[in-house]
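Per-entry structural report
The chain contents come next:
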Amino acid sequence: MEEPLMSADRGHAADLHVLLNDSVLTAMASLIIASSTRLSPELSSSSAAQIVNLFLDGDVSILSENSLTSKFLPFQMDGPSAPQSRLVALLMAFVCSLPKNVEIPHLSRLLQDLLSLSLAGCYAFAFTSAAKCFAGLINKCPAGQ
């Protein structure tokens with residue numbers, strides 16, 4: 001007989017696997033784009049800071065019901081966190097849909113991590129999303145910077 005906890009862990013892993021599906025992430029990205037374009041300037045700025053901290057530092061404090069059993073490391077290209085790199089598509093959807101006047105915190109570090117991921121070639125969906133995000137952020141920069 002299987003332990004209930006073991007069964008629940010497998011179910012949770014299956015749920016996460018579905019969420020990492022390329023078509024599911026693409027649909028979620030479309031929703032993020034549609035909603036983030038309607039944010040107030042103040043909410044855009046504070047959300048950008050929180051989202052960037054989530055992706056760069058794994059700061060999951062913004063997640064109200066954090067049930068992650070492992071660290072959130074979307075820029076890690078090997079090991080158990082590697083599939084999380086696909087979630088960069090959600091970061092791209094958010095930061096690239098913000099107005100140009102919204103400051104993206106830790107921009108140089110974010111660009112460096114996006115470039116590294118886009119060159120890693122781990123998952124096609126992940127490195128394509130990272131490259132698109134990198135390009136979108138570069139396009140937001142004022143000329144000459």
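As shown above, the structure is provided for reference.
Parameters and conventions
- Residues numbered from 1 in each chain as written.
- Predicted model: local features only at pLDDT ≥ 70, side-chain atom pairs only at ≥ 80, totals over all residues.
- Heavy atoms only, no water.
- Phe/Tyr/Trp six-rings, centres within 6.5 Å; stacked < 30°, edge-to-face > 60°.
- Helix = DSSP H or I, 4+ residues; strand = E, 2+ residues; numbered from the N terminus.
- Lys NZ or Arg CZ within 6 Å of the ring centre and 35° of its normal.
- 1 Å grid on protein atoms, 1.4 Å probe; cavity = no way out; pocket = protein on both sides within 12 Å on 5 of 7 lines; lining within 4 Å.
- Points joined across faces, edges and corners; volume = space filled by probe spheres on them.
- Nonpolar A, V, L, I, M, F, W, Y, C, P; charged D, E, K, R; others polar.
- Core = buried A, V, L, I, M, F, W, Y, C linked by side-chain atoms within 4.5 Å.
- Buried < 20%, exposed > 50% of the residue type's maximum accessible area, 1.4 Å probe, protein only.
- Contact = heavy atoms within 4.5 Å.
- Polar contact = N/O pair within 3.5 Å; in protein donor to acceptor, adjacent residues only side chain to side chain.

Bringing the packing of aromatic side chains into the picture now. If you walk through the whole model with that rule in mind, you get one aromatic pair. Consider the rings of F55 and F72, whose centres lie 5.3 Å apart with planes at 80°: the pair is edge-to-face. A residue pair is termed long-range when its members are at least 10 positions apart, and F55 in helix α3 (residues 41–57) and F72 in the loop between α3 and α4 (88–97) qualify at 17 residues. If you follow R86 out to its NZ or CZ, it ends over the ring of Y123, 4.4 Å from the centre.

The next thing to look at is the layout of surface pockets. To find leftover empty space, one rolls a probe the size of a water molecule over the atoms. Counted as a void, the second largest pocket has a volume near 160 Å³. Along its surface, the second largest pocket is lined by 12 residues, and K100, V102, I104, L107 and K140 are the ones closest to its centre. Among the residues forming the lining of the second largest pocket, the class breakdown is seven nonpolar, two polar and three charged.

Within the largest apolar cluster, 31 residues are counted, with the highest numbers of intra-cluster contacts made by F75, L110 and L114. When residues of this core are traced back to their parent elements, those giving at least two are α2 (22–36), α3, α4, α5 (107–120) and α6 (124–140). If one sorts the elements of this core by residue count, α4 sits on top with eight residues. Apart from the residues lying within four places of it in its own chain, the contact partners of L110 are V52, L56, F75, L91, I104 and L137.

Along the chain, the position of Q112 falls in helix α5. For Q112, a relative accessible area of 54% translates into the label exposed. Along the sequence, Q112 and F134 sit 22 residues apart, while their C-alpha atoms lie 8.7 Å from each other.

Here the phi dihedral of H106 falls at roughly 55°; this positive angle occurs in a residue that is not glycine. Along the chain, the position of H106 falls in the loop between α4 and α5. The class of H106 is partly exposed, set by a relative accessible area of 44%.

Here the focus is the side chain of S97. Counting through the fold element by element, S97 comes out in helix α4. Using a relative accessible area of 15% as the deciding quantity, one classes S97 as buried. A distance of 2.8 Å separates a polar atom in the side chain of S97 from the backbone oxygen of A93. Excluding its chain neighbours within four sequence positions, the residues that come into contact with S97 are I33, S36, T37, M92 and K140.

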